[in-house]
Amino acid sequence: MVPISYYLGLSAALFICGIAGFLLKRNIITIFMSIELMLNAVNLSFVAFAAQLHNLAGQVFVFFVMVVAAAEAAVGLAIIIAVYRTRNTLNVDQVDLLKL
Amino acid sequence: MELVLFWVFAAICIGGAINLLAQKHPINSALSLVVVMASLAVEYLLLGAEFVAAVQVIIYAGAIMVLFIFVIMLLNAGEEPHGGKTSLVAKLVGLPALGILAVMLVWALTAQAGGSVAVAGAEPGPPQVIARLLFNDFLLPFEVTSVLVLIAIMGAVVLAAPLQPHHAAKILAAQAGEGGQS
C-alpha cells in the first residue's frame, strides 16, 4: 500500500521538471514536450485523488485532459511547422518578431 | 510489493524527466518522454485505474508522441545550438526561484493529503463504471470535446497546409531583404 502523499510528491516533481524544461530549453519542440510533461503530472494527481476519495470523476477528468492535450499537440505542432517554414529555425530566441 | 513497484517506476519516471531536460537533441527528449509516460501508466495501474493506464499508453505514448517524432523528423530538427547569451541574472534569480517553487509545490500537495492516513490503491475503476459516468453525468462535456477535436483537426490542416503562392513569394522577398541587409 502506497500513501497518497508519495503520488502527490511524484506529481509535483514531474511538474517541476516540466516548468524547468519550459523555462530552460530553447528548442520549441522540447518546450512543447515540457508542456506535455506538466499535463501528465497533473493527470497523476487527478488519478491519485480519485483513488483516495473513491470518486471516479477524477478518472473521467483525466480522459478530458488527454483529449485537450491531443488537440493542443495537433494544433501546436502545425503552428511549429508553419513557423519553421517561414523562419527556418526552431530556436525560440530567434522567433521574436511578429512581422517577418 | 506495491511500494517497491511504486519506487521503481517513480525513479524511472523522474529519471526520464531529467533526461528530457539534459538531452540536446529533440528526438532523445521525445524518447525519454515516452519512458516517462509508460512508467506513469504503471503508476495508474497501481492506483487501480486500468482504463486510464490503457488510454495513457495508447493515446499519449502512442498517438501524441508519434506526432511529435513525425514533426521532429519532418523538420529535420538537429541539436540545439549552444546559446551563449544566457544572462547571469537569469541564472542567479531563476534557479533559486525554481527551487522555492519546487518546495512550495511539494509542500502544498503533500500538506493537502497530510491529515488523512487514507491509503491509495486497490479501488478498481472498471471501464463499465467510467463509461456510465462519462455518458450520463459528463455527456455535455464529452460532446463539447468532440467539437473541440473537430476544430483542432481543421485548424491543424489549415495551419500546416502548403503556402499559397503569393504568400510564399512575400516570404521569399522578405528573407532576401534580410539577407541583403546583413
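In short, a report on the structure.

About the cut-offs
Residues numbered from 1 in each chain as written. Chains lettered and ligands numbered in written order. Predicted model: local features only at pLDDT ≥ 70, side-chain atom pairs only at ≥ 80, totals over all residues. Heavy atoms only, no water. Core = buried A, V, L, I, M, F, W, Y, C linked by side-chain atoms within 4.5 Å. Buried < 20%, exposed > 50% of the residue type's maximum accessible area, 1.4 Å probe, protein only. Helix = DSSP H or I, 4+ residues; strand = E, 2+ residues; numbered from the N terminus. Contact = heavy atoms within 4.5 Å. Patch = residues over 30% accessible without salt bridge, like charges linked within 9 Å, V, L, I, M, F, W, Y side chains within 5 Å. Areas by Shrake-Rupley, 256 points an atom, 1.4 Å probe, with all protein chains shown as cover. Salt bridge = Lys/Arg side-chain N within 4 Å of Asp/Glu carboxyl O. Buried area = accessible area lost by both parts, 1.4 Å probe. Polar contact = N/O pair within 3.5 Å; in protein donor to acceptor, adjacent residues only side chain to side chain. Nonpolar A, V, L, I, M, F, W, Y, C, P; charged D, E, K, R; others polar. Axes fitted to C-alpha atoms, helices over the stretch in contact; angles between N-to-C directions. Parallel < 35°, antiparallel > 145°, perpendicular 65-115°, else oblique. Left-handed = near helix turned anticlockwise from the far one by under 90°. Expected span 1.5 Å × (residues − 1). Bend = angle between axes of the 7 residues up to and from the residue. Phe/Tyr/Trp six-rings, centres within 6.5 Å; stacked < 30°, edge-to-face > 60°.

1. Notes on the nonpolar core
- A:Tyr7, A:Leu14, A:Ile29, A:Met33, B:Leu33, B:Val36 and B:Phe68 are the most contacted members of the largest nonpolar core, which has 54 residues in total.
- The set of elements that each furnish at least two residues to this core consists of helix H1 (4-24), helix H2 (28-53) and helix H3 (57-87) of chain A together with helix H1 (2-22), helix H2 (26-46) and helix H3 (50-74) of chain B.
- Here this core gets 11 residues from one element, more than from any other, and that element is H3(B).
- With sequence-adjacent residues up to four places away left out, A:Met33 is seen in contact with B:Pro26, B:Ser29, B:Ala30, B:Leu33, B:Met65, B:Phe68 and B:Ile72.
- Listed in part, the 10 residues of the second largest apolar core include A:Phe64, A:Val67, B:Leu133 and B:Phe138.

2. Some words on the environment of A:Ala71
- Secondary-structure assignment places A:Ala71 in helix H3.
- Aside from chain neighbours lying at most four places away, what touches A:Ala71 is B:Leu148 and B:Ala152.

3. Brief notes about a nonpolar patch on the surface
- A surface patch of nonpolar side chains, about 400 Å² in accessible area, is lined by A:Phe22, A:Leu23, A:Leu24 and B:Leu95.
- Ranked by residue count, the leading element in the nonpolar patch is H1(A), at three residues.
- Note that A:Leu24 resides in helix H1.

4. Examining the environment of B:Gly62
- Tracing the chain through its elements places B:Gly62 in helix H3.
- Sequence separation between B:Gly62 and B:Val34 is 28 residues; the distance between their C-alpha atoms is 8.6 Å.

5. Considering the interface of chain B and chain A
- Listed by partner, the interface residues are 81 residues for chain B and 72 residues for chain A.
- Taken over both partners, the interface formed by chain B and chain A buries close to 6,800 Å², and the fraction arising from carbon and sulfur atoms is 81%.
- Sorting the residues of chain B by area buried against chain A places B:Tyr60, B:Phe68 and B:Leu75 first, and these three jointly supply 10% of that buried surface.
- Here chain B and chain A share zero salt bridges between them.
- At the junction of chain B and chain A, the tally comes to six residue pairs in polar contact (both at pLDDT 80 or more).
- Broken down by class, the residue content of the side of chain B that touches chain A amounts to 63 nonpolar, 12 polar and six charged.

6. Here we look at the packing of H1(B) against H2(B)
All names here are of chain B.
- Taken N-terminus to C-terminus, the directions of H1 and H2 make an angle of 160 degrees; their axes are 8 Å apart at the nearest point. Relative to H2, the element H1 lies roughly antiparallel. Along this stretch, H1 crosses H2, giving a crossing that reads as left-handed. From H1, Glu2, Leu5, Phe6, Phe9, Ala10, Ile12, Cys13, Gly16, Ala17, Asn19 and Leu20 reach across to H2, where they touch Ser29, Ser32, Leu33, Val35, Val36, Ser39, Leu40, Val42, Glu43 and Leu46.
- Split by residue class, the contact of H1 with H2 holds 14 nonpolar, five polar and two charged.

7. What about H3(B)?
- In a regular helix each residue adds 1.5 Å, so 25 residues correspond to 36 Å; H3(B) covers 34 Å between its end C-alpha atoms and thus fits that length.
- In the structure, H3(B) departs most strongly from a straight axis at B:Met65, where the bend amounts to approximately 30 degrees.
- Among all positions of H3(B), only B:Val52, B:Ala53, B:Val55, B:Gln56, B:Tyr60, B:Ala61, B:Ile64, B:Met65, B:Phe68, B:Ile69, B:Val71 and B:Ile72 are buried.
- Among the structural elements, H2 and H3 of chain A together with H2 of chain B are those in contact with the buried residues of H3(B).
- With its phi angle positive at about 55 degrees, B:Asn76 sits one or two positions after the end of H3(B).

8. Some points on the packing of aromatic side chains
- Counted under the stated rule, the structure contains 13 aromatic pairs over all chains.
- Here A:Tyr6 and B:Phe6 contribute two aromatic rings whose centre-to-centre distance is 5.9 Å and whose plane-to-plane angle is 35 degrees, an arrangement assigned as tilted. Of this pair, A:Tyr6 sits in helix H1 while B:Phe6 sits in helix H1, on two different chains.
- Note on A:Tyr6: relative accessible area 33%, which makes it partly exposed.
- A relative accessible area of 1% means that B:Phe6 is categorised as buried.
- Measuring from centroid to centroid gives 5.0 Å for B:Phe135 and B:Phe142, while their planes differ by 75 degrees, and the two rings are edge-to-face.
- Given the relative accessible area of 43%, B:Phe135 is considered partly exposed.

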